[in-house]
Amino acid sequence: MAKSVASSISYKVRGMVFLPPNRIIPVIVVPGIMGTNLRAKLKPRSEKEQNEEVKPGEPAWRPPNTMVGGFWDSLSWDRLTPERRQRLFNPDTLEVDDSGPAHIAHGDGRYHVNPVDVRQRWWGELHADSYGALLCGLETRLNEVFTPVSRKDERCIAQHWKDVMAIDPQRWGVRRMKPLTEAELEKHARFHFPVYACGYNWLESCGKSSQRLEQRILQIIEYWKGMKKKCEQVILVTHSMGGLVARACAKRIPDQIAGVIHGVMPALGAPAAYRRLACGTEAPNFVASRIAKILGTTTYHTTPVLATSPGALELLPNHLYPRPWLHVRVMYPGGPPDAPETAFDYLHLPNAVAPNPYDLYRDMRRWYRLIDPELADPTGRFEDVPGGVIETIKTAVETAEQFHMKELGDYYHPNTYAFYGDDSRQLSFGQVRWVGRKESSAHVVFTPANVASATPMVTYGEEGARLVLVEHDTVVLFKPEPADTRGDGTVPHQSGAGPADKVRRLFETRGYDHQGSYNNDDMLALTLRLIVKIVQGMP
């Protein structure tokens, strides 16, 4: 179907319309955590579903889309108290918001993106600054493969595909890759690729979010069949947490999915999730400090939102993450001026004695605990729940545990490709280490036992520092070390490389941060190349 408008009979210039092929392969972009816009439910069915901070239909989470907007938003978010954050991010009162801005690139001479199509394909559900370029780039490039060069039915390969063909594979982290051929592009051009988005409530379990994705896949396929088109399968392009959502969905309906491309997925979880919940969001530079103010700079701000959120807890290092990754170190003062300090690590968790990381997350007594239950319910929401906030936290942790160990496991769709960040300029938390310092006047003898059983003090200091009491008389201040390993600023290379030997090809890449991975031209080009690769397996 093509749309046109009537013109005067005196207007003699002919128009040309390109009709898409009858064979349809929808491409669905699945975002990462906090990449979906959320609003208060339009039609709350009970008082329990009524958000206490914003009115029905009003945005609850819509991240800023410009640097300037982010600066001003950070100021207002920084003033949001823990109580207000808990009330605002009550998952029972929120739903996906499809009315967010959807950026459409114009003026570059490429295939036009119809604003009506954009809305109907739910682009407004996603954070435009993170995913607008990806959505528009896929829509314009996938559906324009060849361009006419004369009136004699001649053609040439579109410039954006020439650019993909010319890329040095080392920019994708591999030494060599089979060149993209014109024959492959010819087969690709036999299909039409409408690009869709699928957001989800990222406070809820990825398992529940995967059900929403499944419904959308089936809905899209049925729509095109109703339009008398041939449409049997979709292609999924995921970012970060969206990869976990897509894997759980693909495990149930693999035959409806032609292939999956995972970008910067925390396949094994990320210690940064522990760091941000236990200590607040780190801020190594000015831009990160603005983001931290929005997400929460202290554990007082992050705990009321994340402690009872299965979705957030599912980003923690899971049972497949290399252990141990949580350490406790004590620094000893040096002797003479030329004698350096010495250090000794007393705790390494999880370990052979306590291998299950979810037991670590359920432990709310130790001073190095992930969650302090005293901070998790500032509004008293869970006072009337059996077991109160402690049982609510344990239920959320159990949901995350069941998702990873039973619902997801190490499953990947059989036609999966993945890329991840392995960049020494984008330091990530490969582990978390608490570091304390023994004062010269302290006479206590530190042991693994007394360090583990130290009494937590009431307050939390800057950057998540914790005062603890060892042997009833020695106060030690433990601080978390900065990020320590290669990655993308959020997901460490250990977790990004988790799909190795389980997918068709894994790409070790550099040159971007976690949130901006698909805004990187090389990663967009890689995604295009992999979609063509997936299409070659279509009948």
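Attention here is on the structure that accompanies the text. (Residues numbered from 1 in each chain as written. Predicted model: local features only at pLDDT ≥ 70, side-chain atom pairs only at ≥ 80, totals over all residues. Heavy atoms only, no water.)

Topic: helix 17 (residues 521-535)
- With 15 residues, helix 17 ought to run about 21 Å at 1.5 Å a step, and its terminal C-alpha atoms sit 21 Å apart, in line with that.
- With 13 of 15 residues buried, helix 17 is to be regarded as a mostly interior element.
- A distance of 2.9 Å separates the backbone nitrogen of D522 from a side-chain oxygen at the start of helix 17, and that oxygen is part of N520. (Helix = DSSP H or I, 4+ residues; strand = E, 2+ residues; numbered from the N terminus. Expected span 1.5 Å × (residues − 1). Buried < 20%, exposed > 50% of the residue type's maximum accessible area, 1.4 Å probe, protein only. Polar contact = N/O pair within 3.5 Å; in protein donor to acceptor, adjacent residues only side chain to side chain.)

Points about a nonpolar patch on the surface
- A contiguous nonpolar patch, built from M457, L467, V475 and L477 and spanning about 290 Å² of accessible area, is present on the exposed surface.
- Relative accessible area serves as the criterion here: at 37%, L477 is assigned to the partly exposed category. (Patch = residues over 30% accessible without salt bridge, like charges linked within 9 Å, V, L, I, M, F, W, Y side chains within 5 Å. Areas by Shrake-Rupley, 256 points an atom, 1.4 Å probe, with all protein chains shown as cover. Salt bridge = Lys/Arg side-chain N within 4 Å of Asp/Glu carboxyl O.)

Regarding unusual backbone geometry
- Residue P324 is reached from R323 by a cis peptide bond, and omega for that bond is 0°.
- The omega torsion across L349 and P350 is -20°, close enough to zero to call that bond cis.
- Tracing the sequence through the fold places P350 in the loop between strand 13 (342-349) and helix 13 (357-362).
- Of note, K228 is a non-glycine position whose phi angle comes to about 65°, a positive value.
- Considering the arrangement of structural elements, one finds K228 in the loop between helix 7 (206-226) and strand 10 (234-239).
- The exposure class assigned to K228 is exposed, which follows from its relative accessible area of 74%.
- Even without glycine at this site, E471 takes up a positive phi of about 55°.
- Positionally, E471 belongs in the loop between strand 18 (466-470) and strand 19 (474-480).

As for the pattern of salt bridges
- All chains considered together, the criterion is met by 30 salt bridges.
- When salt bridges that share partners are traced, they join R39, R62, E95, D97 and D98 into one network.

A closer look at the sheet that holds strand 2 (residues 27-30)
- Taken in spatial order, the six strands line up as 9-2-10-11-14-21 in an open sheet, and their pairing is parallel. The strands lining the two open edges of the sheet, one partner per strand, are strand 9 (195-197) and strand 21 (505-509). Taken over all neighbouring pairs, the strand axes of this sheet differ in orientation by 15° on average, direction set aside.
- Summarising the sheet, strand 2 and strand 9 pair through three bridges and their orientation is parallel. When the bridges of strand 9 are listed, V27 appears paired with V195. (Pairing = 2+ DSSP bridges. Axes fitted to C-alpha atoms, helices over the stretch in contact; angles between N-to-C directions.)

Notes on the sheet that holds strand 5 (residues 94-96)
- Read across the open sheet, the three strands follow the order 4-3-5; overall the sheet is antiparallel. Across the chains shown, the open sheet's two edge strands, defined by having one partner strand only, are strand 4 (59-61) and strand 5. Taken over all neighbouring pairs, the strand axes of this sheet differ in orientation by 45° on average, direction set aside.
- Where strand 3 (residues 38-40) lies against strand 4, two bridges are found, and the strand directions are antiparallel. The partner of L38 across the bridge, within strand 4, is W61.

Considering the packing of aromatic side chains
- In this structure the tally under the stated criterion is 18 aromatic pairs.
- Between Y223 and W224, the aromatic rings sit 5.2 Å apart at their centres with planes inclined by 80°, giving edge-to-face as the arrangement.
- For W224, a relative accessible area of 10% puts it in the buried group.
- Centroid distance Y346 to F446: 6.2 Å. Interplanar angle 50°. Geometry classified as tilted. Residue Y346 is located in strand 13, and its partner F446 is located in the loop between strand 16 (432-437) and helix 15 (448-452); the two are separated by 100 residues in the primary sequence.
- Taken together, the ring pairs connect Y274, W325, Y358 and Y361 into an aromatic cluster.
- Above the face of the W122 ring, R216 is positioned so that its terminal group lies 3.7 Å from the ring centre.
- Sitting over the ring of Y412, R247 keeps its end group 4.0 Å from the ring centre. (Phe/Tyr/Trp six-rings, centres within 6.5 Å; stacked < 30°, edge-to-face > 60°. Lys NZ or Arg CZ within 6 Å of the ring centre and 35° of its normal.)

Re the pairing of strand 2
- In strand 2, alternate side chains face the same way, and those of V27 and V29 on one face and I28 and V30 on the other are all buried.
- As judged from the four bridges shared by strand 2 and strand 10, these two strands associate in the parallel manner. Along strand 10, the bridge assignment pairs V29 with V237.

Re the side chain of E125
- Mapped onto the fold, E125 is located in the loop between helix 3 (115-120) and helix 4 (128-142).
- A distance of 2.7 Å separates a polar atom in the side chain of E125 from the backbone nitrogen of G199.
- Those residues in contact with E125, other than ones at most four positions away along the chain, are G35, T36, N37, V96, D97, D98, A197, C198, G199, R212 and R216. (Contact = heavy atoms within 4.5 Å.)

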